[in-house]
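Chain by chain, the residues run as shown.
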Amino acid sequence: MTQDELIWRIAGGSGDGIDSTSQNFTKALMRYGLHVYTHRHYPSRIRGGHTYVEVRASEEPVTSRGDGFNVLLALGDSFARNPSEGAVYGDEKTKPLFENLDELNEGGLIIYDTGVLEDEDVGDLETQARENDWHLYPIDLRAIAREHGRDVMRNTAGVGATAALLDMPLDPIQELMSEAMGGDILDANLAVLSDAYEHTNAEFEATHDLRIPKHDHDEEQVLLSASHGISYGAIDEGCRFVSGYPMTPWTDVFTILKREIEDLGGVAEQVEDEIAASMMAIGASHAGAKALTGSSGGGFSLMSESIGLAEMTETPLVMVEAQRAGPSTGMPTKTEQSDLEFVLSTSQGDSSRVVFAPGNVRESYEQTRLAFELAYKYQLPAIVLYDDMLTGEFRNLPRSFFDREANPDLGSVATEAELEDLPHDVGGRYERFRTEGDTDVNPRSLPGMRNGRFLATGNEHWPDGQIAEDTANRIKQMNRRVSKVEVVRDALAEQASPDTVVGDEDADFALLTWGSQKGVVEEAVRRLTESGHSIKALSVSQMAPLRTEEIADFLAGVEEALVVEMNATGQFKGLLQKEFGDYGDVLSSLLKYNGDPFEPAEIIEAVEIKQSGEGGDTSSETTLRPPAGDRS
Amino acid sequence: MNQFDAIDSGEEVTSDDYTPEIEPQATWCPGCGDYSVLKALKGAMSDLGRDPEEVLLVTGIGCSGKLNSYFDSYGFHAIHGRTLPLGRAAKMVNEDLEVVAAGGDGDGYGIGGNHFTHTARENHDMTYIVFNNEVFGLTKGQSSPTSPKGHKSKTQLRGVAKDPVRPMSLALSAGASFIARTAATNPKQAQEILVEAIEHDGFAHVDFLTQCPTWNKDGAQYVPYIDVQESDEYDFDVTDRREAAEMMHETEQALYDGKVLTGRYYVEKDRRTYQEEKQARDEMPESPVVGQYFDEEKEWERSYDRLDRHT
């Protein structure tokens, strides 16, 4: 067991307070001075079932969930409803203990609540513990909670026991509790916390080696998920309109923005369906607000036609797509990267859009800002594509990262004075869609502006917007719209690339990934490099337009590359092969699609199998797919 | 807000100001009822003194959707059935705009039925004109949600097996605060009703009976109308929900028996609009959101200053 980092997993039933407890504990670790990272796993039900949150804390910055974990706090499922003997799915109440043992590292600690998990439920736990050098700490957390407050506070008791066993001082935890609650509830929780701490210290001689690491941040930190990154990026771009319909995991962004935008004097609407949500964002944008909408796979499908309309009418539209496992509607609360192909081409007709897939909180903030800038400047849809994992991944980052200027600029809206001088047709309509050159992006006018009236329509149109079926005009207008992608490509080429390369730049073995798997791939490369491998990795987050030159440079001289992604069909690999054609025999896939994100060890294992040249299968839950053969 | 000079400009407006100087690509058949809607809407706007550039006309798809081509204001010719969410969002961002949505009976009562229900329930301050000709025109004559039971068409070979939608009853139960029906054969009343609908603070639904000379030659829309407000036979209180419901029930049945009744059916004046409801809850600013983007004095709050709960 590594002693320089803690990977603590709290497990229980949904409704047992796993989420809030883990968040507070994570924040306490961050305030204690550590770098933190959380990974959330939960079922699609309101109460009960197997839920866990993993918190990884280290002296070094953390970019992934890590391999397995080393401390289990098993609270038991207090909402279990089918504990009948011999039930096919086993005893739900004890799941939080048993379901987690597979991934508990050797030498790990198990703290379990004997108030809910009775000793006879635990079966051969002691035998397993001996074989794996696990250290067992059975504590009646429920009794401690009950004595000072209520049953539900057994998670607080669990945190107290954790702190005692890891030699962590209670002050940061107590401080956070005092900020979050007050009155009798606070007093009861504080009593439960310290009682569990003292009880554990008195009752047990700690037999394990793990102690809490120590580090100090040199500046103030904040704990945020990518959903916060997206939301705050939108706010700093002056987004003051959001419309949406609840759907996991998009709901995370929606709930953050609902509160923030109303607070900031904007409009936030939960509407009747996703079609309405996307049409409202178009209406708001057309009328002059910076607007955002979004959904997850199924709901995003309903928005398809609106995306086409936004493209055709050249209405700026910023959308968020939070992927999850399975189409209509597979594993609602589990993660996957399986909407890439869909998002790149959603909508009827020839169409253009910008797509970013941020890989962490920082990128989610920066790329959302960029999405707004591009959408409003070039008048097209810009989509931020992320996934369930990033909605549950909380990380610390310096508060100063957010110390940036707001940009409420509407992009390309003309003033009334400017409109007066811009071309109009003989009837006085503003030629909003004129086609002097091939790449014109004309200034917008807003309803209510003098000299600006025009028609926005999904039909092909003359420069003033009037519907037209003239073939020559069709070609001109289509060329102008389609070529906007090239204009955007050139504009983005001027900016620093968001796509990052790590490792040995001369390596002939490479990894490619996109979006959320950036951090774990980079950790795998770091560890492989430390153990003497020559390897490099490219993480792509600018999905459309793709930075093809950069990717080609990266692949030049590479003999073999593994494309790492969380889907069953290798969608990113497919995109690369569509763009490049001649890498068919170089690119093979490493895929995972069981609903959980990659762990670094899984990538390391696959690399070792590939590099040994002996073929063979990965032993874990990942799949290696051979190259498709050169199809060029 | 001098960047929106067209709003409340106070300039005199005539119907001609809404007539495009460039003849649009002709899409309506000779004798189409849609010309009457166009004329009534232009007349209503000039009666109200609305500048064409303060009006946003949002239309759906179909013959009714081409209204924008003939009506020279700001326009958005959107997607089949999706006019209402687009229009209401524009209104929420800039409530000084005069927002009118228009669509056909398939558009409004079929594919857009969900939006119709919810926009009415929320009582957005906008006007919704539904061109009701009981048939799909531009797709060449299929039965629509308001086609009479038994109506035969190429896709309903044995006659429609469904009862028609009752649009006004639907609007009433959904929560619209102004509901009227008028007819293309009745231009004077049509213009008056549109004036009232546009002036109404809240969601105004106007079911506009329009004849389709190509695909629905037998429609009751050709029959002379009876104005329920002018006839002695019909005495009811338009502000009373129960009496209005009863009148609508009779009227909507009578239409299919060949008796066309038009007029105001329900007018609720004291109900808050959705904007007002939201403002009362501090969910929406008192002045238009769009104004913030042009306010040079405004200090835009940054997320940096809102991070305390995350430290």
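Before reading further, recall that the structure is shown in the block above.
Residues numbered from 1 in each chain as written. Chains lettered and ligands numbered in written order. Predicted model: local features only at pLDDT ≥ 70, side-chain atom pairs only at ≥ 80, totals over all residues. Heavy atoms only, no water.

1. Looking at the pattern of salt bridges
Scanning all chains against the criterion turns up 62 salt bridges over all chains. A salt bridge links aspartate 151 of chain A to arginine 146 of chain A; its shortest N-O distance comes to 2.9 Å. Residue arginine 146 of chain A is classed as partly exposed on the basis of its relative accessible area of 47%. Between glutamate 192 of chain B and arginine 264 of chain B there is a salt bridge, with the nearest N and O atoms lying 3.6 Å from each other. With a gap of 72 residues between them, glutamate 192 of chain B in helix α7 (residues 187-199) and arginine 264 of chain B in strand β8 (residues 260-267) connect regions that are remote in the sequence. Taking relative accessible area as the criterion, glutamate 192 of chain B reaches 34% and is therefore assigned partly exposed. We classify arginine 264 of chain B as buried; its relative accessible area is 11%. One salt-bridge network, in which partners are shared between bridges, spans Arg429, Arg450 and Arg453 of chain A together with Glu11, Asp51, Glu53 and Asp72 of chain B. (Salt bridge = Lys/Arg side-chain N within 4 Å of Asp/Glu carboxyl O. Buried < 20%, exposed > 50% of the residue type's maximum accessible area, 1.4 Å probe, protein only. Helix = DSSP H or I, 4+ residues; strand = E, 2+ residues; numbered from the N terminus.)

2. Re the side chain of lysine 27 of chain A
Relative to the helices and strands, lysine 27 of chain A resides in helix α1 (residues 18-32). Despite being buried, lysine 27 of chain A has no salt bridge partner; glutamate 179 of chain A is the closest side chain of opposite charge, sitting 6.3 Å away. Within the structure, lysine 27 of chain A has its side chain in polar contact with the backbone oxygen of arginine 309 of chain B (distance 2.6 Å). When near neighbours in sequence (up to four residues on either side) are disregarded, lysine 27 of chain A contacts Leu176 and Leu223 of chain A together with Arg309, His310 and Thr311 of chain B. (Lys, Arg positive; Asp, Glu negative; His and termini not counted. Polar contact = N/O pair within 3.5 Å; in protein donor to acceptor, adjacent residues only side chain to side chain. Contact = heavy atoms within 4.5 Å.)

3. Some thoughts on the interface of chain A and chain B
Taken together, the contact between chain A and chain B spans 82 residues of the former and 66 residues of the latter. Summed over both partners, the interface of chain A with chain B comes to about 6,200 Å²; 54% of that surface belongs to carbon and sulfur atoms. Taken together, chain A and chain B are joined by 13 salt bridges. Across the salt bridge formed by arginine 429 of chain A and aspartate 72 of chain B, the nearest N and O atoms sit 2.8 Å from each other. (Buried area = accessible area lost by both parts, 1.4 Å probe.)

4. A word on the sheet that holds strand β6 (residues 203-209) of chain B
An order of β15(A)-β2(B)-β1(B)-β3(B)-β4(B)-β6(B)-β5(B)-β8(B)-β7(B) is seen for the nine strands of this open sheet, with the pairing classed as mixed. Each having just a single partner strand, β15 (455-457) of chain A together with β7 (225-227) of chain B make up the two edges of the open sheet. Taking the axes of each pair of neighbouring strands and ignoring which way they run, one obtains an average angle of 20° across the sheet. With seven bridges connecting them, strand β4 (residues 126-132) of chain B and β6 of chain B associate as parallel partners. Opposite isoleucine 129 of chain B, over in β6 of chain B, you have valine 206 of chain B as the bridge partner. Along the sheet, helix α1 (residues 34-48) of chain B contacts β1 (55-59), β3 (98-104), β4 and β6 of chain B; its crossing angle with β4 of chain B, the most-contacted strand, is approximately 160°. Of the strands in this sheet, β5 (178-183), β6 and β8 of chain B touch helix α8 (residues 241-256) of chain B, which is tilted by about 160° from β8 of chain B. (Pairing = 2+ DSSP bridges. Axes fitted to C-alpha atoms, helices over the stretch in contact; angles between N-to-C directions.)

5. A word on the sheet that holds strand β21 (residues 587-591) of chain A
All names here are of chain A. Sheet architecture is open: six strands sit in the order β16-β18-β17-β20-β21-β22, paired in mixed fashion. The sheet is open, and its two edges are formed by β16 (500-503) and β22 (623-625), each paired on a single side. Sheet twist, expressed as the mean angle between neighbouring strand axes with direction ignored, is 20°. With three bridges joining them, β21 and β22 adopt antiparallel strand pairing. Bridge pairing in β22 links leucine 591 to threonine 623. Against the sheet, helix α20 (residues 571-580) engages β17 (509-514), β18 (536-540), β20 (560-565) and β21, with an angle of about 135° to β20.

6. Considerations on the nonpolar core
If you look at the biggest cluster of nonpolar residues, it comprises 148 residues, and the most contacted ones within it are Leu292, Leu512 and Phe572 of chain A. In this structure, Met30, Ala57, Leu141 and Leu210 of chain A belong to the second largest nonpolar core, which totals 48 residues. (Core = buried A, V, L, I, M, F, W, Y, C linked by side-chain atoms within 4.5 Å.)

7. Focus on the environment of leucine 117 of chain A
All names here are of chain A. Take leucine 117: it is sitting in the loop between β5 (104-113) and α3 (125-132). Separated by 39 residues in the primary sequence, leucine 117 and serine 78 have C-alpha atoms spaced 9.4 Å apart. Sequence-distant contacts of leucine 117, that is, excluding residues within four places in its chain, are made with Ala74, Leu75, Gly76, Lys93, Thr94, Leu97 and Tyr112.

8. Some details on α1 of chain A
Residues and elements named next belong to chain A. Between its first and last C-alpha atoms α1 spans 21 Å; for 15 residues at 1.5 Å apiece the expected length is 21 Å, and the two agree. Listed in full, the buried residues belonging to α1 are Ile18, Thr21, Ser22, Phe25, Thr26, Lys27, Ala28, Leu29, Met30 and Tyr32. Residue glycine 33 follows α1 closely and has a positive phi angle near 120°. (Expected span 1.5 Å × (residues − 1).)

9. Looking at the packing of aromatic side chains
Applying the stated criterion across every chain, the model contains 23 aromatic pairs over all chains. Ring centres 5.8 Å apart and planes at 55° place the aromatic pair phenylalanine 116 of chain B and tyrosine 128 of chain B in the tilted group. Pair noted here: phenylalanine 116 of chain B is in helix α5 (residues 113-122) and tyrosine 128 of chain B is in strand β4, with a separation of 12 residues, a long-range link. Each member of the pair, phenylalanine 116 of chain B as well as tyrosine 128 of chain B, carries the same accessibility label: buried. For the cation-ring pair, arginine 9 of chain A lies above tyrosine 52 of chain A, with the distance from its terminal atom to the ring centre recorded as 3.6 Å. The ring centre of phenylalanine 554 of chain A lies 4.4 Å from the NZ or CZ of lysine 536 of chain A, which sits over that ring. (Phe/Tyr/Trp six-rings, centres within 6.5 Å; stacked < 30°, edge-to-face > 60°. Lys NZ or Arg CZ within 6 Å of the ring centre and 35° of its normal.)

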